[in-house]
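For reference, the chains in residue letters:
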Amino acid sequence: MRRPADIDALQHVLCAALGSREPVCSLAQLGQDADAFNTLDPAMLKRPTLVGGGTPYSPTTPAPASHTLDELIRRAQSLDVPQILVPNVRRSDDTSALRAAGLVPVPAGSECVSRLTGDVDDLLRGRVGAGRLRDLRRRHHAASRDVTWERIRLSELDRKPWSRDAFAQLHQRHMERYGGSHNPYNPDALDALAHGALADRTEMFVRRRENTVVQVGLLSESHNGRGLYYLTQAIDHEDPAARHNLYVASLYRLYLHARRSGLDWVHLGRGDAEGKRGLGADLFVPLDHWLRAPDLAPPEEEEEPALSRFAAPPVTTVPVPGPARFRHRPRFDLLDLSGNTNPFLGAESRYPELDTVELARTYLTTVSKLPGHEGVGALSTDHLLFTSGAVDGVMLLLAALASPGERVCVTPPTFELYAHFASVLRLPVVEVPLRGEDLSELDTERILAADPRVTILCDPNNPVGARLGRAQVHALVTGTRGLVVIDEAYVEFSENPSYAELVEEYDNLIVLRTLSKAWGLAGARCGIALAHPGVVDALRRVQVPFGFTNASQRAVRDRLTNSQRALVSIRRIRAERDRMAAALAGHPVVDRVFPSETNFLLVRLHKHERVMDQLRGAGILVADTGGLVPATCRISIGTRRANNTLLEALSSAL
């Protein structure tokens, strides 16, 4: 409900609820919208206030333009009303006119939206987990056996007066239950809605046990025809089954109804984000009420996060490209005629979602439960950028944070694409080889002496498999004038901690992660860059928008939410790695097995070329790493059957 005509219609509803010609009331009379004002001076709650927005059914109010606010102020003066309220404005809107007019923001929580871009059960499994999905389905089936479900168009409400009475009575009891003094959902308000501009798009749903109404609610179709607003609902709390099951059961049924109707989302109104998250919401848009009162001082404005001092000069002069600049501005309820795509071919014709804040929160929460990752949960979503695989993250950071001629240091043996991308971008490559018998020691002094703009470490190392000494890494991060990038593609297989929790402390540290390896989503192409928010901002300025597809986002969300299978498989890989290391160490064709904290083993072979030919002849592909570490190959840990087949093939090479 973002159109002025819809907001005007809701203002008529508020006037009807108040029994007045003008939308003037105290803040305390606004139902659930009044909750946000509890921290204000009690005198403000009692003053007459002109409401310039949509309420009491809690849609969001578009931020008014200057001329609209000027008219609102004149209207308040003519009515001799001391306060003005513009409720439920999205924080992502341009609110400069509100500030200029002397209105002050009061936090109002978040509006919660469930986006339905596929099968309902598949989506909910990815958002709330398989166990919670079973509970939702159980409640839905239990309610369906005992309680009827009926939908009534408001334009037809006059023919069913009993539903009008039930709506008012249940909302009155709901208000009294929670200590309210005014019911904005009274019969007059419902009549105004039923005879107004929203009547043809709005319907009441009623649930009855035998002849007793135990739940009523209002649903309104969006003006773009793509979703539903869940405007309000009230439940008979004297009915035990209704109290415990009906809201959840009705919401699940509403999701099913919306998908069958070809709709893409359900707007759940304002509410507790954690609670709505457990019901399948996946978009949370922060809201503010904007209040103009005689004795209300504006808060200090927060400064925008500064761009990283490491941003390359050209990057400092350009914004985030195209629509990605507006990634925090919700588009679900817009009539979007900006994309130049084919409107007749369904959801796949629309561009991927750009607001991945909720998915970032899911990633940080899930990963923080892994051993050695306890501090990751303290990072904010501003520290995270999704990329098209971790390799894409390397390209982004070199393009955004280094200029042609600035040195990039790599530590061979290491992942070869680091040097490849640096060369493509005309960045001189300095090689400082790893030292020690296990190739796990940094030559920190040589790296610092080279004074590189960027040093890229692979830890655990690919192709070696070992972890670097933590003290040496710390010395490098604190001693260099440049950036240190740690590629942790295999860190979930390690018993030692991640460096991710340190990105808040060090603005020159970037940690790259991937979901291709331990999480088994190589096909989803999802990498993660964890860094200071100013670094993330710089990376966004060179990133191609829409690279993270909706299908990939769904796959990632499902894997992270239902993580137990992946975590069990990591333990199985570690056990199989140790078994294979022992078997290979005693094998006659093997000279040495390097220590590994990954899902692969680096093996030095006797008669390297002959063994590699034998494996190829047996239809077995391993990575020939002889060009990086002489006479070696890198063997991924497969299933037990695959690993045993490899051992048999090696035996035939004797």
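Residues numbered from 1 in each chain as written. Predicted model: local features only at pLDDT ≥ 70, side-chain atom pairs only at ≥ 80, totals over all residues. Heavy atoms only, no water.

Q: Would you mind going over the packing of aromatic side chains in detail, with residue names and values included?
A: Under the definition given, this model contains nine aromatic pairs. Between Tyr 351 and Phe 546, the aromatic rings sit 4.4 Å apart at their centres with planes inclined by 20°, giving stacked as the arrangement. Highlighted residues: Tyr 351 in the loop between α11 (313-316) and α12 (357-367) and Phe 546 in the loop between α17 (533-540) and α18 (550-561), separated in sequence by 195 residues. The partly exposed category is assigned to Tyr 351, whose relative accessible area is 45%. According to the relative accessible area criterion, Phe 546 is partly exposed, its value standing at 24%. Through a chain of ring-to-ring contacts, three or more aromatic side chains come together here, namely Trp 149, Phe 205, Tyr 230 and Tyr 247. Seen from the ring of Phe 594, Arg 592 lies directly overhead, with NZ or CZ sitting 4.4 Å from the centre. In this structure, Arg 634 is placed above the aromatic ring of Phe 600, and the distance from its NZ or CZ to the ring centre is 5.6 Å. (Phe/Tyr/Trp six-rings, centres within 6.5 Å; stacked < 30°, edge-to-face > 60°. Helix = DSSP H or I, 4+ residues; strand = E, 2+ residues; numbered from the N terminus. Buried < 20%, exposed > 50% of the residue type's maximum accessible area, 1.4 Å probe, protein only. Lys NZ or Arg CZ within 6 Å of the ring centre and 35° of its normal.)

Q: How would you sum up the pattern of salt bridges? Please name residues and give values.
A: For the coordinates displayed, the defined rule picks out 44 salt bridges. Of the charged contacts, one joins Arg 139 and Asp 135 as a salt bridge, the two residues approaching to 3.2 Å between their closest N and O atoms. Residue Arg 139 and its partner Asp 135 are located together in helix α6 (residues 130-146), separated by four residues, close to a single helical turn. Put simply, Arg 481 and Asp 451 hold a salt bridge, and the shortest N to O gap is 2.3 Å. One end of the pair, Arg 481, is in the loop between α16 (470-479) and β15 (483-487); the other, Asp 451, is in the loop between α15 (444-450) and β14 (454-458), and 30 residues separate them in sequence. The exposure class of Asp 451 is partly exposed, given its relative accessible area of 26%. It is possible to trace a salt-bridge network through shared partners that takes in Arg 115, Arg 127, Asp 282 and Glu 353. (Salt bridge = Lys/Arg side-chain N within 4 Å of Asp/Glu carboxyl O.)

Q: Explain the sheet that holds strand β3 (residues 83-90) to me, and be specific about the residues and the numbers.
A: Taken together, ten strands build an open sheet; the order of strands is β1-β2-β3-β10-β4-β9-β8-β7-β6-β5 and the sheet is mixed. Strands at the two margins of the open sheet, each flanked by one partner only, are β1 (24-25) and β5 (150-153). As paired elements, strand β8 (residues 227-235) and strand β9 (residues 265-271) share three bridges and run parallel to each other. For Leu 228, the partnering residue across the bridge sits in β9 and is Val 266. (Pairing = 2+ DSSP bridges.)

Q: Can you tell me about empty space enclosed by the protein, naming the residues and giving the values?
A: A water-sized probe, rolled over the atoms, reveals where empty space remains. Tallied over the full model, the rule gives one cavity of 30 Å³ or more. Its volume calculated, the largest cavity comes out at about 90 Å³. As for the largest cavity, its lining consists of Arg 115, Thr 117, Arg 127, Asp 282, Glu 353, Asn 550, Gln 553, Arg 554 and Arg 557. Element by element, the count of residues in the lining of the largest cavity is highest for α18, at four residues. Of the residues assigned to the lining of the largest cavity, the class counts are no nonpolar, three polar and six charged. (1 Å grid on protein atoms, 1.4 Å probe; cavity = no way out; pocket = protein on both sides within 12 Å on 5 of 7 lines; lining within 4 Å. Points joined across faces, edges and corners; volume = space filled by probe spheres on them. Nonpolar A, V, L, I, M, F, W, Y, C, P; charged D, E, K, R; others polar.)

Q: So what's going on with unusual backbone geometry? Which residues, and what values?
A: Cis geometry marks the peptide bond from Pro 412 to Pro 413, where omega comes out at 0°. Mapped onto the elements of the fold, Pro 413 is located in the loop between β12 (408-410) and α14 (417-424). For the bond from Asp 459 to Pro 460, the omega torsion is 0°, close enough to zero to count as cis. Mapped onto the elements, Pro 460 comes out in the loop between β14 and α16. Phi is positive for Arg 525, which is not a glycine, with a value near 50°. Inspection of the secondary structure assignment puts Arg 525 in the loop between β16 (509-514) and β17 (527-530). A relative accessible area of 38% means that Arg 525 is categorised as partly exposed.

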